[in-house]
Amino acid sequence: MHKLLSSLATLVVLGASVAPAAMAQSLLSDPSAASPAVSLKGLGQDHGQSLGQGQGQGLGYSTILSTRPKALAIAAGRDATLTAFEQPNSALRFEGEDDVINLTLLLDATNVADGGDLVLAYRNAVSVMPENSLVSVLVNGSPVGDFAVRSPSGFNTQTIAVPPSALRAGVNEVQLRAVQRHRVDCSIEATYELWTEFDEQTSGFRPRSASGATEFASLRTVGRNSLGLTDIRLILPQGSGELALNRATPMLQTLALALNRDDISVTLTDTPGTGPGIDVVVASDDDQTSLEAIDSNTPYGLSIAPGADPLRRKVVLRTSTGGEIPGVLLNAVQGPLKAIFDSGIRAPRKGEIRSEASSVYTLADTGYVSAPFSGRLFRTRFDMIMPAEFYPAEYATLDLALHAATSPGLKPTSQLLVRVNDQIVNSLPMRDTGGEVFSGRKLELPLRAFRPGRNQIEVLAELERPSDDSCVFAERDDTVPRFILLDTTEIRVPALARVARLPELATLAGSAYPYAEAAAVDVHVLQSDAASISTALTIITKMSISAQAPLLARLNFGPPKSGSEGNALVIASKKAAEDLVRLGPSGVPAASNEIVFAPSFDTADPIVTAGINLSGAAVPKALSSDPAALLDAFRQTTRDQGGESSFSNALSAKVDEVYRSFGKWLNYQSASDQQAPAEPRRKAVLIQRPNVSGRGVVTWLTADTSFDMTEVSEMLSKPAVWNRMQGESVVFDLDADTIRTTQAQSYFAHELSDYGPGNLRRIAAAWLSDHFRIYVLVVMALMAVFAIWLGRIVPGAGVRTDQ
């Protein structure tokens, strides 16, 4: 903390001479170096192909992830007196027979003194049996009530009175635990049909005494918009440009860190918003245009006021000069925002572990609480954030030391499974029908199943009894426990190979790497329209939350200069990107110096031309822009037309097939992952490429039109999308609301900070596991050398017996 405050104090002293880009200096870390620019020259051809027809390249496609929310009966308007939960809408859902939701909400002393009501609007699957399904509610560890799960036809609102004795000023923890049973089916497969979800718009805490809307803590009580997102709206007057944006960016990042939410969406506009959200205004006396957004009597400094809409708040930062902005934000972080930061972004999160090498954690560190389980399929999950420079490969294992027990009477087919990123990586049979106790039983989880950044680990136990086969309601006894998993179960992280490999979008989403480094980041918006700028601001705020610190970001209108270096983010429409590829940075028309708030009418060809159907010779449309895929398809269609095939050719083809199959197995890929899916009608592409200079990385985001760019921004705001980004590229299907990730064919080492022999040995082992053909050749060569040496030494060794 002392180091943090010292660096911020330095910013205040130098504030008058700070350039606009330096306004984004981190408020949570040391000052960063000056920012270099970034060159895109040399990336044009590759990027042009990626922006064109398809994404056929790469080692394989991931399973398509749907992020489309189920249709919700959203209320006409949110209750203005309702304090929202801080967790996103995706967290408000029970699944399976026994599940827990951990929520938090912020209350002030006035709210606590008079108590209030916990309002929960829910609906459930029709398969849930109401007679034996229950939700229990705890507030700060104290039970406050429960209710039966019996609302399959629509949302039903439950109101639970919470006494003042159960509340506390500041962050309050609400735990919801559901026990759900199936109406007619006792099989394990049927447990996947059990779910209950809550409506974020009409759920929350209703205090009996209204809290003040001018307190900074009240920002964390703001509700979400109709899309389930936290709406932050940056208000800039007409005529604003890069200067106003670069002065506002540090304020947006500071606000995002104070909110500590995973579903923040930033919108740039010239008018205040409506509905739940926060309006942000940054004005300085030395920028007369910015003063048009505030009243003349607006106080200097950082202030908060009720918005024009009762569901909104308004945050205003006013200074005499732009150089004062770092000092004002410093005072806010040290003063009124300190308690918010300490209880939010700086506090541990339940359900999450930020891991380090050679460390040991327990399930208790994730917020898991031990409890007997009496159902058929036990499930618990948590996220583990691996370091950005983690090299996943077969050189070690992450071990799960299991502390658990089963009850007598289970079928011998019972087993425990461990999933990592939706792939089963290990299992433990539990065949003893008399019950078993596991005290530190080790389950090895291969490091290759993990990735840098965020990973989801899920522990499941299949626990059937013979009586489940008949499933007679009168004979069912769901009160007898079948399994217990103790919170002392350990997660042991080994020594890791530490070398940052790029391209890898998982590191961007997990820890904002490499954009959270000390060097500044240039963000280039090729067209100065509000939709593209809004997307850029959303990505910047999302990355600052991932890094848990503001980024030193500088926004620029237009392409980067040729020959420049460093890390960059480029936001562009498809047409603007194609013009840049065709004309080069110097040939592209200059972007407007002012923000264009009116929607852009750039258009894309809506006609999708079907491929010609020539049996046995047609190339799939999704592969038509990838030379490697075209070559592979050509070889497949012509391999039998060369006359008599030789034995060597057949053997070579067989070896290649075995090699590819082994590679798929090694990387947890199925045959369906290798198939190129149909190309979306409307799409956006996020792709990462090395800078042509060899220093830094460039991440492109392109969409056909500015309207599409708005939809991409909304998708990126959702945790289900942001946390699943990985590989070299992500394709956003804007019609289906899904994403498709593509792994990189090759990586480059971006940074190696540990040159110790142990780390170099692990890197070599990891590299050889990725290139096992070379490993096999090396082993065979060493065996040959040993055989030659042995053949030369043995004949001349020993005692002669012929004399």
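Residues numbered from 1 in each chain as written. Predicted model: local features only at pLDDT ≥ 70, side-chain atom pairs only at ≥ 80, totals over all residues. Heavy atoms only, no water.

Trainee: Quick question: what am I supposed to make of the overall build of the protein here?
Mentor: In terms of regular secondary structure, the protein is built from 15 helices and 34 strands. Each of the 803 residues in the protein was classed as buried or not, and the buried ones make up 53%. Within the protein, counting contacts between residues at least 6 apart in sequence, those at least 24 apart form 82% of the total. With the model as given, the accessible surface of the protein reaches about 34,800 Å², and the carbon-plus-sulfur share is 55%. (Helix = DSSP H or I, 4+ residues; strand = E, 2+ residues; numbered from the N terminus. Buried < 20%, exposed > 50% of the residue type's maximum accessible area, 1.4 Å probe, protein only. Contact = heavy atoms within 4.5 Å. Areas by Shrake-Rupley, 256 points an atom, 1.4 Å probe, with all protein chains shown as cover.)

Trainee: Please clarify how the packing of aromatic side chains should be interpreted in this entry.
Mentor: Two measures describe an aromatic ring pair: the distance that separates the ring centres and the angle between the ring planes. Within this structure, the stated rule accounts for 6 aromatic pairs. Ring geometry for Phe-94 against Phe-198: centres 5.6 Å apart, planes inclined by 70°, an arrangement best described as edge-to-face. Here Phe-198 lies in strand S9 (residues 195-198) and Phe-94 lies in strand S2 (residues 93-95), a separation of 104 residues in the sequence. Note on Phe-94: relative accessible area 0%, which makes it buried. The exposure class assigned to Phe-198 is buried, which follows from its relative accessible area of 2%. Within the aromatic cluster, the residues linked to one another by ring pairs are Phe-94, Tyr-122, Phe-147 and Phe-198. The aromatic ring of Tyr-300 is capped on one face by Arg-318, whose charged end is 4.3 Å from the ring centroid. (Phe/Tyr/Trp six-rings, centres within 6.5 Å; stacked < 30°, edge-to-face > 60°. Lys NZ or Arg CZ within 6 Å of the ring centre and 35° of its normal.)

Trainee: Explain a nonpolar patch on the surface to me, please; I cannot follow it from the model alone.
Mentor: A cluster of nonpolar side chains, contributed by Phe-786, Trp-789, Leu-790, Ile-793 and Val-794, occupies part of the molecular surface with about 490 Å² of accessible area. If you trace the backbone, Trp-789 turns up in helix H15 (residues 772-793). Trp-789 gets classed as partly exposed once you look at its relative accessible area, which sits at 47%. (Patch = residues over 30% accessible without salt bridge, like charges linked within 9 Å, V, L, I, M, F, W, Y side chains within 5 Å. Salt bridge = Lys/Arg side-chain N within 4 Å of Asp/Glu carboxyl O.)

Trainee: For this particular structure, what's the right way to read the sheet that holds strand S23 (residues 453-462)?
Mentor: The strands making up a sheet associate through hydrogen bonds between their backbones, and the pairing can be parallel or antiparallel. Read from one edge to the other, the open sheet built from 5 strands follows the order S16-S18-S23-S20-S21, with strand pairing classed as mixed. At either end of the open sheet lies a strand with only one pairing partner, and these are strand S16 (352-354) and strand S21 (423-429). Each adjacent strand pair in this sheet contributes to an overall mean axis angle of 20°, direction not counted. Here strand S18 (residues 377-386) runs beside S23; their pairing, made up of 10 bridges, is antiparallel. Note on S23: the bridge partner recorded for Met-384 is Asn-455. (Pairing = 2+ DSSP bridges. Axes fitted to C-alpha atoms, helices over the stretch in contact; angles between N-to-C directions.)

Trainee: Which parts of the structure should I look at to understand the state of the cysteines?
Mentor: Two cysteines joined by a covalent bond between their sulfur atoms form a disulfide. Here the structure, examined in full by the defined rule, presents 1 disulfide. Paired through a disulfide, Cys-186 and Cys-471 show a sulfur-sulfur distance of 2.0 Å. Residues Cys-186 and Cys-471 share a disulfide whose torsion about the S-S bond is about 70°; that sign makes it right-handed. Of this pair, Cys-186 sits in the loop between strand S8 (170-179) and S9 while Cys-471 sits in the loop between S23 and strand S24 (483-485), and the two are 285 residues apart along the sequence. Per residue, the accessibility class of Cys-186 equals that of Cys-471, and both read buried. (Disulfide = S-S within 2.5 Å.)

Trainee: I tried to follow the environment of Arg-379 on my own but got confused; where do I start?
Mentor: Secondary-structure assignment places Arg-379 in strand S18. Separated by 283 residues in sequence, Arg-379 and Gly-96 have C-alpha atoms that sit 7.6 Å apart. Once you skip the residues sitting within four places of it in the chain, Arg-379 turns out to touch Glu-95, Gly-96, Asp-98, Tyr-192, Glu-458, Val-459 and Leu-460. At 3.2 Å, the side chain of Arg-379 and the side chain of Glu-458 are in polar contact. (Polar contact = N/O pair within 3.5 Å; in protein donor to acceptor, adjacent residues only side chain to side chain.)

Trainee: What is the right way to look at the pattern of salt bridges in this model?
Mentor: A pair can form between side chains of opposite charge whenever their charged atoms are brought close. Scanning all chains against the criterion turns up 40 salt bridges. Measuring nitrogen to oxygen at the nearest pair gives 3.3 Å for the salt bridge that ties Arg-208 to Asp-117. Of the two residues, Arg-208 is situated in the loop between strand S10 (204-207) and strand S11 (230-235) and Asp-117 in strand S4 (residues 116-124); the sequence distance between them amounts to 91 residues. Among the ionic pairs, Glu-458 bridges to Arg-419, the shortest N-O distance being 3.6 Å. Remark: Arg-419 occurs in strand S20 (residues 415-420) and Glu-458 occurs in strand S23; sequence separation between them is 39 residues. Because the salt bridges share partners, they merge into one network encompassing Arg-93, Glu-95, Arg-123, Glu-197, Arg-379, Arg-381, Arg-419 and Glu-458.

Trainee: Where do I start with the packing of helix H4 (residues 242-259) against helix H8 (residues 530-547) in this structure?
Mentor: A packed helix pair is summarised by two numbers, namely the angle formed by the two axes and the spacing between the axes. Where H4 meets H8, the closest approach of the two axes is 9 Å, and the angle between their N-to-C directions is 45°. The orientation of H4 relative to H8 falls into the category oblique. Of the two possible hands of crossing, H4 and H8 adopt the one that is right-handed. Only Ile-533, Leu-537, Ile-540, Thr-541, Ser-544 and Ile-545 of H8 make contact with H4, whose side of the interface consists of Leu-245, Thr-249, Leu-252, Gln-253, Ala-256 and Leu-257. (Parallel < 35°, antiparallel > 145°, perpendicular 65-115°, else oblique. Left-handed = near helix turned anticlockwise from the far one by under 90°.)

Trainee: When you look at the nonpolar core in this model, what are you seeing that I'm missing?
Mentor: Nonpolar side chains tend toward joint burial in soluble globular proteins. Ranked by size, the top nonpolar core spans 78 residues in total, and within it Leu-245 and Phe-732 carry the most contacts. Looking at this core, the element that brings in the most residues is H4, giving 10 residues. Not counting residues up to four positions away in its chain, the partners in contact with Leu-245 are Leu-234, Leu-236, Leu-268, Ile-533, Leu-537, Leu-555, Phe-557 and Ile-595. Of all hydrophobic cores here, the second largest spans 43 residues; its members include Val-425, Met-430, Phe-450 and Ile-491. (Core = buried A, V, L, I, M, F, W, Y, C linked by side-chain atoms within 4.5 Å.)

Trainee: What am I meant to see in unusual backbone geometry here?
Mentor: Apart from glycine, the bulk of residues carry a negative phi angle, and the bulk of peptide bonds sit in the trans form. Between Leu-502 and Pro-503 the backbone carries a cis peptide bond, its omega angle lying at 5°. Tracing the backbone shows Pro-503 in the loop between strand S26 (500-502) and helix H7 (505-511). In this chain, Tyr-513 is followed by Pro-514 through a cis amide linkage whose omega measures 0°. Among the secondary structure elements, Pro-514 is positioned in the loop between H7 and strand S27 (521-525). Even without being a glycine, Asn-140 presents a positive backbone phi close to 55°. Following the sequence through the fold, Asn-140 ends up in the loop between strand S5 (134-139) and strand S6 (142-148). Of note in the backbone geometry, Asn-260 takes a positive phi value of approximately 55° without being a glycine.

Trainee: Hey, could you run me through the environment of Val-697 in this one?
Mentor: The residue Val-697 is located in strand S31 (residues 697-703) in this model. Since its relative accessible area comes to 0%, Val-697 is described here as buried. Apart from the residues within four sequence positions on either side, Val-697 is in contact with Leu-502, Pro-514, Tyr-515, Gly-566, Asn-567, Ala-568, Gln-688, Arg-689, Pro-690 and Asn-691.

Trainee: I'm lost on the side chain of Ser-355 in this one. Help?
Mentor: By the secondary structure assignment, Ser-355 is in the loop between S16 and strand S17 (359-362). Look at Ser-355 and you get buried, because its relative accessible area is 3%.

Trainee: I tried to follow the sheet that holds strand S14 (residues 301-306) on my own but got confused; where do I start?
Mentor: Taken in spatial order, the 5 strands make up an open sheet running S12-S11-S13-S15-S14, and their pairing is mixed. Sheet topology places strand S12 (264-269) and S14 at the edges, where each strand pairs with a single neighbour. Each neighbouring strand pair of the sheet contributes to a mean axis angle of 20°, computed without reference to strand direction. Pairing of S11 with S12 involves 6 bridges; the strand directions are parallel. Looking across to S12, one finds that Ile-232 is bridged to Val-266. Where helix H5 (residues 325-334) meets the sheet, it contacts strand S13 (277-284), S14 and strand S15 (312-319), and its direction lies at approximately 130° from that of S15. Lying on the sheet, H8 is in contact with S11 and S12; it crosses S12 at an angle near 145°.

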